[in-house]
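Fold and geometry: a report
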Amino acid sequence: MNPVNQRIVLLGPPASGKGTQADRLSDTFGIPHVSTGALLRSECARGTVLGREADAATSKGLLVSDELAVRIVANWMQEHGPRFLFDGFPRTVGQAAHLDAALTSLKAPLDLVILLELSDEAIRQRILERISCLKCGATYSTSLHTHAEGDACPRCGATLVRRNDDTAEALEQRLKVYRELTMPVVGYYEETAPRILQRIDAGKGSDDIFAKLSSLVVGEN
Ligand code: AMP
């Protein structure tokens, strides 16, 4: 299948499946999956200055500054070019405006913005049962899978952990931040690019969601 759409933003609350779906889409269509959260966690793990700056905010469920988020994305785009599946970026209206400006100067506009919608109740349940691989980004549910914290990741062999922001306290903060800062990004695209904005029910089964996303990526809808 030839993807028609190659510059894609996946929006959605924590645990709405952005990372999992972006991974599958990337494997199927060869569009690079870029998670700003994963880029930041990798900086933290390597103990870089940028990582230390990010950790102070991420461990409390707060956003890193727009300046830092935009810098990390600009570095990525300079190296890889303007084909991407963004997962977790943009997270503020300021970041969305920066992305638009950068893409306008490259004459490479956004093709699709997809919002994965999920209830707060489902988010809380998924997050509190989630264990993650910080190396390859895979996530597992302690209730759906047989894996536990400390086990080897079935995909890459690294150790599965609970993310330092997957706690009840940090989650409430992340949900507040999502409502206050990221929901307005949906409004921003409703105003500036309503034709490319699509909404998907993220409470459905993973395969159903993937089928719907795939049809959007190949331009069937
Ligand atoms: P995620 O893996 O997408 O849930 O991101 C984990 C954490 O990284 C978030 O809670 C934020 O602290 C930080 N983060 C990730 N992406 C961004 C962004 N675009 N802007 C600001 N902070 C971000």
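Here the structure is shown first, and the text comes after it.
Just so we're clear, the structure is a prediction, and the values are computed from it rather than from any experiment. (Residues numbered from 1 in each chain as written. Predicted model: local features only at pLDDT ≥ 70, side-chain atom pairs only at ≥ 80, totals over all residues. Heavy atoms only, no water.)

On to the overall build of the protein, then. When you go through the protein residue by residue, the secondary structure sums to eight helices and eight strands. Against the globule reference of 17 Å for 221 residues, the protein gives a C-alpha radius of gyration of 17 Å, in line with a compact fold. Along the first, second and third principal axes, the C-alpha atoms of the protein reach 45 × 40 × 30 Å. Going through the 221 residues of the protein one by one, you find that 45% of them count as buried. Put simply, 69% of the contacts in the protein that link residues at least 6 apart link residues at least 24 apart. Summing over all exposed atoms, the protein offers an accessible surface of approximately 10900 Å²; the carbon and sulfur share of this is 52%. (Helix = DSSP H or I, 4+ residues; strand = E, 2+ residues; numbered from the N terminus. Rg over C-alpha atoms; globule rule 2.2 N^0.38 Å. Buried < 20%, exposed > 50% of the residue type's maximum accessible area, 1.4 Å probe, protein only. Contact = heavy atoms within 4.5 Å. Areas by Shrake-Rupley, 256 points an atom, 1.4 Å probe, with all protein chains shown as cover.)

The next point concerns the environment of alanine 148. Inspection of the secondary structure puts alanine 148 in the loop between strand 6 (139-141) and strand 7 (160-161). With 17 residues separating them along the chain, alanine 148 and isoleucine 131 place their C-alpha atoms 7.2 Å apart.

The next thing to look at is the packing of aromatic side chains. Counted under the stated rule, the structure contains three aromatic pairs. Ring centres of phenylalanine 86 and phenylalanine 89 lie 5.3 Å apart, and the angle between their planes is 70°; on these two criteria the pair is classed as edge-to-face. A single burial state applies to phenylalanine 86 and to phenylalanine 89, both of which are buried. Across the ring face of phenylalanine 210, the terminal group of arginine 24 is positioned such that the distance to the ring centre comes to 4.2 Å. (Phe/Tyr/Trp six-rings, centres within 6.5 Å; stacked < 30°, edge-to-face > 60°. Lys NZ or Arg CZ within 6 Å of the ring centre and 35° of its normal.)

The subject of this paragraph is the sheet that holds strand 4 (residues 112-117). With parallel pairing, the five strands of this open sheet are ordered in space as 2-3-1-4-8. Unpaired on one side and paired on the other, strand 2 (33-35) and strand 8 (197-201) mark the two borders of the sheet. Ignoring strand direction, the axes of neighbouring strands in this sheet form an average angle of 20°. Pairing of strand 1 (residues 7-11) with strand 3 (residues 84-87), which is carried by four bridges, proceeds in the parallel orientation. (Pairing = 2+ DSSP bridges. Axes fitted to C-alpha atoms, helices over the stretch in contact; angles between N-to-C directions.)

These figures capture arrangement, not role.
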